[in-house]
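Reading the structure
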Amino acid sequence: PPPPPPVNLLDGVVAQLDQACGSVTIYSLDAAHGGSDCGAVLPQADAVLYGTGSSCTVTTARTVTVVVGVGATIVPGALVSVRWGGVTGLVQVRGSADAAPPSAIISGPSSTSACGDVELSAVGSAGYCGMELTWLVNGEARGGAGAGLVISEQ
């Protein structure tokens, strides 16, 4: 059989897997990727690695972020195809299996008047990976019907 084709590893391009956040960030400090959308940077052949329902965003001219979906098989050490600056090659995925999971620390008053304002703080929370921070406060409205309030902070 013929020898396998040589592997073209792209210098200066990094693929960082954040297992706690469920995302892969592909970036370069040296060069722009040159793509206006994810299809121009990430070949469709590797889509299965990122899982069903994965989503991709061109964050900056030097960064692409993929939020992995269901059944993602991408792991540290995997090789992913990337088109960067007009050159197609492979990038080895970096990652850490022991990344800390997100932690939420919510503080605020323990009680308030029926019509009073409530201010909550998430200072001290960590690792929420840029996801929207949402609090759900369930109370009981007059007449016994349930009432809910959602407060979002990004």
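Residue numbers run consecutively from 1 along every chain, following the written order of its sequence. At least 70 in pLDDT is required for a residue's local features to be given in this predicted model, at least 80 for side-chain atom pairs to be given and counted, and no such filter applies to totals for whole chains, interfaces and linings, which use all residues. Note that water and hydrogens are dropped before the side-chain values are worked out from all heavy atoms of the structure.

**Quick look at the overall build of the protein chain**
Going by this rule: Per the convention used, a helix needs a DSSP run of H or I reaching at least four residues, while a strand needs a run of E reaching at least two, with both numbered from the N terminus. The criterion used for residue contact is that any of the two residues' heavy atoms lie within 4.5 Å. Only the protein chains shown count as cover for residues, and all accessible areas are computed by the Shrake-Rupley method using a 1.4 Å probe.
Along its length, the protein chain carries 2 helices and 8 strands. What you see in the protein chain, going N to C, is helices and strands ordered as β-β-α-α-β-β-β-β-β-β. In the protein chain, of all internal contacts separated by at least 6 residues, the share reaching a separation of at least 24 is 47%. Summed over all atoms, the accessible surface of the protein chain reaches about 9900 Å², with 56% contributed by carbon and sulfur.

**Observations concerning the environment of serine 28**
Convention followed: For this analysis, a polar contact is any N or O atom pair within 3.5 Å, provided that within protein one partner can donate a hydrogen and the other can accept it, and provided that sequence-adjacent residues contribute only side-chain to side-chain pairs.
Along the polypeptide, serine 28 turns up in strand 2 (residues 23–28). Distance from serine 28 to alanine 15, taken between C-alpha atoms, is 9.0 Å for residues 13 residues apart in sequence. With residues up to four places along the chain from it excluded, the contact list for serine 28 reads Gly12, Val13, Arg62 and Trp84. Within polar-contact distance, the side chain of serine 28 engages the backbone oxygen of glycine 12 at 3.0 Å.

**Quick look at the confidence of the model for the protein chain**
The predicted structure's coordinates, where accompanied by low pLDDT, should not be read in detail. For clarity, the cut-off: Per-residue confidence from the predictor is given as pLDDT, running between 0 and 100.
When pLDDT is averaged along the protein chain, the result is 75; 69% of the residues meet or exceed 70. Looking across the protein chain, the model is least confident in strand 8 (residues 146–153), with a mean pLDDT of 42, and most confident in strand 5 (residues 79–84), with 90. For the stretch residues 140–154, pLDDT sits under 50, and the model shows 25 contacts to residues farther than four places along the chain or on other chains.

**Some remarks on the side chain of serine 81**
Put simply, the test is: For every residue, the accessible area obtained with a 1.4 Å probe (protein chains only) is divided by the maximum for its type, and the residue is called buried under 20%, exposed over 50%, and partly exposed between those limits.
Position of serine 81 relative to the elements: it lies in strand 5. For serine 81, a relative accessible area of 18% puts it in the buried group. Once residues lying within four places of it in the same chain are set aside, the contact partners of serine 81 are Val41, Leu42, Pro43, Asp46, Gly89 and Leu90.

**Some details on the pairing of strand 5**
Operational definition: At least two DSSP bridges between two strands are required for those strands to pair.
Strand direction decides the pairing type here: strand 5 and strand 6 (residues 87–95), joined by 6 bridges, are antiparallel. From the neighbouring strand, tryptophan 84 faces strand 6, where its bridge partner is valine 87. Between the antiparallel neighbours strand 5 and strand 6 lie 2 residues, among them glycine 85 with a positive phi of about 60 degrees.

**Structural notes on the sheet that holds strand 4 (residues 63–67)**
Here is the rule: Axis lines are fitted through C-alpha atoms, for helices just across the contact stretch, and the angle between N-to-C directions can take any value from 0 to 180 degrees.
Read across the open sheet, the 6 strands follow the order 3-4-2-1-6-5; overall the sheet is mixed. Each edge of the open sheet carries a strand with a single partner, namely strand 3 (55–60) and strand 5. Sheet twist, expressed as the average angle between the axes of neighbouring strands with direction ignored, equals 25 degrees. The pairing of strand 1 (residues 13–18) with strand 6 spans 3 bridges and is parallel. For alanine 15, the partnering residue across the bridge sits in strand 6 and is valine 93.

**Some thoughts on the environment of asparagine 8**
With respect to the secondary-structure elements, asparagine 8 resides in the segment before strand 1. Looking at asparagine 8, the relative accessible area reads 39%, which means it is partly exposed. With 81 residues separating them along the chain, asparagine 8 and glycine 89 place their C-alpha atoms 5.0 Å apart. Leave out the neighbours within four places in its chain, and asparagine 8 touches Val87, Thr88, Gly89 and Leu90.

**Concerning the pairing of strand 3**
The pairing of strand 3 with strand 4 spans 5 bridges and is classified as antiparallel. Of the residues in strand 4, the one forming a bridge with valine 58 is valine 64. Linkage of strand 3 to strand 4, two consecutive antiparallel strands, is achieved through a turn of 2 residues.

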